[in-house]
Amino acid sequence: MSDSANAWRSSGMSELDPEAMRRFRKVESRFLDVTGARGYDEVRTPTIEPLHLYTSAGALSPQLLDRVYSFLDWDGWSGERVVLRPDATVPAARWYAASGNDVARVSYVQPVYRFEPGDADRELWQCGVELFGMPAAEGDAELLTLALELLEALGIENRRVDLAHAGLVRAVLASVGLDTAAQLAAYDRMVAGDESVIDDLTAARPEGAVALRLLSGVDGDSPGYVANLRTALLPLVSGIDQALTDLEGAARALDAAGATYRILPATARNFEYYSGLTFRVTAGGMECITGGRYDGLTESVGGAPAPASGFAAYLLRLADLAQNGGAS
Amino acid sequence: MTSSDRAPIRVALPRGELRTPLAKQLRAVGFVAKGYGDGSRVYRFEVDGLPGVEVRVFADEDVPIQVALGNYDLAICSRTWVDELLVRYRHDSIVPLRSLDLPSEPVVIAGAAGTTLEGLAAGIVRVATEYPNLAHHVLSRLRIPNYRLFEVWAQSEAWPPDDAELAIGPKNDLETEGLTVLAEAHRGGVWLIGNRESLSRRALDAALAPLLSLPLGSQDIGVVTPAPLQLDKGHAAPAPPPERETFRIAVPDGHAQRHTAAALAAAGIEFEGYEEKRADRRPRSSIEGVEVKVMRPQDMPRAVALGGFDLALTGQDWLGVFRSSFPSAPIDQLCDLRRSNYELGAVVPNDLPAETIAEAIAYWRKDDPGRTIRLASEYASLADQYARDKHLGRYRVIPLSGASEGFVPEDAEILIEGTETGETLRANGLRMLDVMMHSTNCAIGHRDRPPGRRGELRDEFVARLRGGADDAE
């Protein structure tokens, strides 16, 4: 791209040329076919949302909130800022909360907007699904299977699933004596890449050191590993039985699907957002799908409590991977 | 040696309260910008014995943006204004170099006595602040679910408890107003900063050496990242506030005070504690049920739109600034007070060979058709509107908080500025090329007439002010 052409374009924004659009439409079409066959109906949510939708939901970390495109529109005299949609799940949860449905399966293909450093893309096309009203074991297995089916349909090979659990992280942090606020503060440090937080916590609470070290230093690739984790952690940490059961169920579902996976207990992304199992799928070492369970979200956006989970993928990354079969 | 090595080293220094103690320290390390410390209205200085160094004075809050833009290589300013920029624009070109031993004020969150952040967070929290980016940073980390930021020009302490739940501002100002500090947002500090590209590409040692020998300040500075509040998830929508019975009127302080006091006197309206040279925060009216509050005229259109005031005496310029940002805000001018006359428009250097803005644009772009036109102004939204209306093409608005004299031609092509007589412009070698608006002071109110006695009182006040304005004419 010439400098003179870039002078007429905002940082991080770019066109999709005809060839890129053909690849885009191909992935979009496969995505809608695969998810539609499983009963997921497409929705589209507004591009501009009130900022407080996201702050109220507690769905985005402060670090991500710092990177949203927020501004004052013509109604901004009220002090209410608006944002370009930084995330597609919260608006979908709002739709579900107002819909009165019991179980709902929805899919979407739409961009999210986030500040990224330098020339990195700031308009990110996502395709994703949300599954509302379906509890952990059944819902988690459905989403993991669907994610793998999607990649299969796109011809993306070399797939691996990484599993974690937000509830497990939370319970272990609580076991070393941290209240909710301190758990969030400790997690903020983890998100910021501050690995010394584990050292600080074990120094302050030596009795919980074993739990923290097991959480951050051990991972596995079978239901048997979860059984070992259960044996080691249960005497130390209360309230983790459900988390371990969720992990075990997910591992069995992936075994049944013949998938390759790892269990990395302490790598739960968006700790505040997710309440249960979280997962990411990589192909050729490149992350292509991320998702998890967020059972508290519908309540935060004005609805009744309901089980909820979902996953999303960057569509253009899937298109790149689909072109070369999953090699990074 | 490259051409940039031969260009002067440009140093930005703050005016205001920092000026006197900083000038003293600069003299002690041999960085003598003659006249900097004496409070004169001179804005550009040479430095004794350093022929390649130029000093320019800015309002403290305008310094970081000048360094970020690359207009200045080095600068000294309050760390709060640096971080106000950096917490939102992380990849900026500002490099904090050294904490200096100069007086500064922490920025805190404060509310009325007896309030707590946990208690307020159950409802919509209205927050008045001059530091919207720092406010967003600290409020999001506290996990306050639902807040509204009122970005005010100054005096955030004037807003709580009746017009906002919280103010985020300098600690001393908030405490003096009787507010209780609930949390810290920024620990203050004064810093030497540099432009990243200048530091990487240019030899700045002639200025850098003396500035780095200024006394070292506290390292306990910077943005505060508070622990999250422990709040219940899921909360009921707060009940709307009861209909207000008191008639509330806002009157300005500062430059507008003299003209407003005259307009009130001409209308036969007296507020005890509000005169040409005196303004209590809450002057008193002899009319029962009338409440008077002094605030910045810039912030009145928002306060009226929000429904906090039934009448406010401000300027048409500030009404124009507000409307250019928020055209649908529910406010109307109720009466032209016909005082404080001045013109607002595009100001350029006297020697610019152009008689119209079109000629000026053609002149600036004669060698480079894609050149960015820079507009500097205290009225940033009006400058933006002007650039759009005049089809300036690629332009950049540089917000200013004052000290605009001498800004063109070096730091901007156009100033959007107001002038009463033109004398100050002439004294600074400037002229108004294009008039945007004639401004006088005015009374404004909500588009919807208030119900009951408040509506009657508004009609009565407006009628009396109109009579006084007729006399002024």
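Nothing here was measured: the structure is a model prediction, and the numbers come from that model.

What counts as what
Residues numbered from 1 in each chain as written. Chains lettered and ligands numbered in written order. Predicted model: local features only at pLDDT ≥ 70, side-chain atom pairs only at ≥ 80, totals over all residues. Core = buried A, V, L, I, M, F, W, Y, C linked by C-beta atoms within 7 Å. Buried ≥ 20, exposed ≤ 12 C-beta atoms within 10 Å, placed from the backbone. Helix = DSSP H or I, 4+ residues; strand = E, 2+ residues; numbered from the N terminus. Contact = placed C-beta atoms within 7 Å. Domains from an automatic or database assignment. Nonpolar A, V, L, I, M, F, W, Y, C, P; charged D, E, K, R; others polar. Pairing = 2+ DSSP bridges. Axes fitted to C-alpha atoms, helices over the stretch in contact; angles between N-to-C directions. Left-handed = near helix turned anticlockwise from the far one by under 90°. Parallel < 35°, antiparallel > 145°, perpendicular 65-115°, else oblique.

A word on the nonpolar core
Right, so step 1: Counting 99 residues, the largest nonpolar core has V127, A312, L375 and I414 of chain B as the members making the most contacts within it.
Right, so step 2: For this core, the leading source of residues is helix 6 (residues 132-142) of chain B, giving five residues.
Right, so step 3: Excluding residues within four positions of it along the chain, I414 of chain B makes contact with A346, V347, V348, I373, L375 and V408 of chain B.
Right, so step 4: In terms of nonpolar packing, the next biggest core, distinct from the first, is built from 91 residues, L148, L201, C288 and L321 of chain A among them.

Observations regarding the domain arrangement of chain B
Right, so step 1: When cut into domains, chain B gives domain 1 (3-103 + 188-212), domain 2 (107-186), domain 3 (247-341 + 440-472) and domain 4 (342-439).
Right, so step 2: Each of domain 1 of chain B and domain 3 of chain B has a C-alpha centre, and these two points are 40 Å apart.

A few points about the interface of chain A and chain B
Right, so step 1: Every contact between the two is made by 26 residues of chain A and, on the other side, 25 residues of chain B.
Right, so step 2: At the level of elements, helix 3 (51-57), helix 4 (62-65), helix 8 (180-191) and helix 13 (297-300) of chain A are the ones that each hand at least two residues to the side of chain A that touches chain B.
Right, so step 3: For the side of chain A that touches chain B, the element with the most residues is helix 8 of chain A, which contributes five residues.
Right, so step 4: For the side of chain A that touches chain B, the class distribution of residues is 11 nonpolar, 10 polar and five charged.

What to know about unusual backbone geometry
All names here are of chain B.
Right, so step 1: The linkage connecting P160 with the following residue, P161, adopts the cis geometry, with an omega of -5 degrees.
Right, so step 2: Relative to the helices and strands, P161 is located in the loop between strand 8 (147-151) and strand 9 (166-170).
Right, so step 3: With an omega of 5 degrees, the peptide bond running from V408 to P409 counts as cis.
Right, so step 4: Unlike most non-glycine residues, Q155 shows phi in positive territory, near 55 degrees.
Right, so step 5: With respect to the element layout, Q155 can be found in the loop between strand 8 and strand 9.
Right, so step 6: With a phi angle near 60 degrees, R338 is a residue other than glycine that sits in the positive phi range.
Right, so step 7: Tracing the chain through its elements places R338 in the loop between strand 17 (331-336) and strand 18 (342-349).

So, the pairing of strand 11 (residues 308-314) of chain A
Residue and element names in this part refer to chain A.
Right, so step 1: The buried fraction of strand 11 is high, at six of seven residues.
Right, so step 2: One ladder, built from seven bridges, connects strand 6 (residues 123-132) with strand 11; its direction is antiparallel. Looking at the pairing, F132 lines up with A308 of strand 11.
Right, so step 3: Pairing analysis gives five bridges linking strand 10 (residues 286-293) to strand 11, with the strands arranged antiparallel. Across the sheet, residue R293 finds its bridge partner in strand 11, namely S309.

Some thoughts on the domain arrangement of chain A
Right, so step 1: Segmenting chain A into domains produces domain 1 (15-157 + 301-328) and domain 2 (159-283).
Right, so step 2: On the domain 2 of chain A side, the residues contacting the 18 residues of domain 1 of chain A number 20 residues.

Topic: the packing of helix 12 (residues 316-325) of chain B against helix 14 (residues 380-389) of chain B
In helix packing, the relevant descriptors are the interaxial angle and the interaxial distance, both defined with respect to the helix axes.
All names here are of chain B.
Right, so step 1: Packing of helix 12 against helix 14 brings their axes to within 8 Å, and their N-to-C directions diverge by 65 degrees. Seen from above, helix 12 lies across helix 14 with left-handed handedness. Note on element contacts: helix 14 touches helix 12 through S381, L382 and Q385, opposite G320, V321, S324 and S325.
Right, so step 2: Taken together, the residues of the contact of helix 12 with helix 14 break down into two nonpolar, five polar and no charged.

Regarding the sheet that holds strand 4 (residues 74-78) of chain B
Residue and element names in this part refer to chain B.
Right, so step 1: With respect to topology, six strands assemble into an open sheet ordered 2-3-1-4-11-5, the strand pairing being mixed. Strands at the two margins of the open sheet, each flanked by one partner only, are strand 2 (44-47) and strand 5 (94-100). Taken pair by pair, the neighbouring strands of this sheet meet at an average axis angle of 25 degrees, ignoring direction.
Right, so step 2: Across two bridges, the pairing between strand 1 (residues 9-14) and strand 4 is parallel. Along strand 4, the bridge assignment pairs V11 with L74.
Right, so step 3: Helix-sheet contacts for helix 4 (residues 79-86) involve strand 4, strand 5 and strand 11 (190-195), and the interaxial angle to strand 4 is about 100 degrees.

Quick notes on the packing of helix 11 (residues 223-233) of chain A against helix 12 (residues 241-256) of chain A
Residue and element names in this part refer to chain A.
Right, so step 1: Interhelical geometry of helix 11 versus helix 12 gives an angle of 165 degrees and a closest axis separation of 8 Å. The pairing of helix 11 with helix 12 is recorded here as roughly antiparallel in orientation. In this structure, the crossing between helix 11 and helix 12 has a hand that is left-handed. Across from P223, V226, L229 and R230 in helix 11, the residues of helix 12 making contact are L244, L247, E248, A251, R252 and D255.
Right, so step 2: Among the residues making up the contact of helix 11 with helix 12, the classes are represented as six nonpolar, no polar and four charged.

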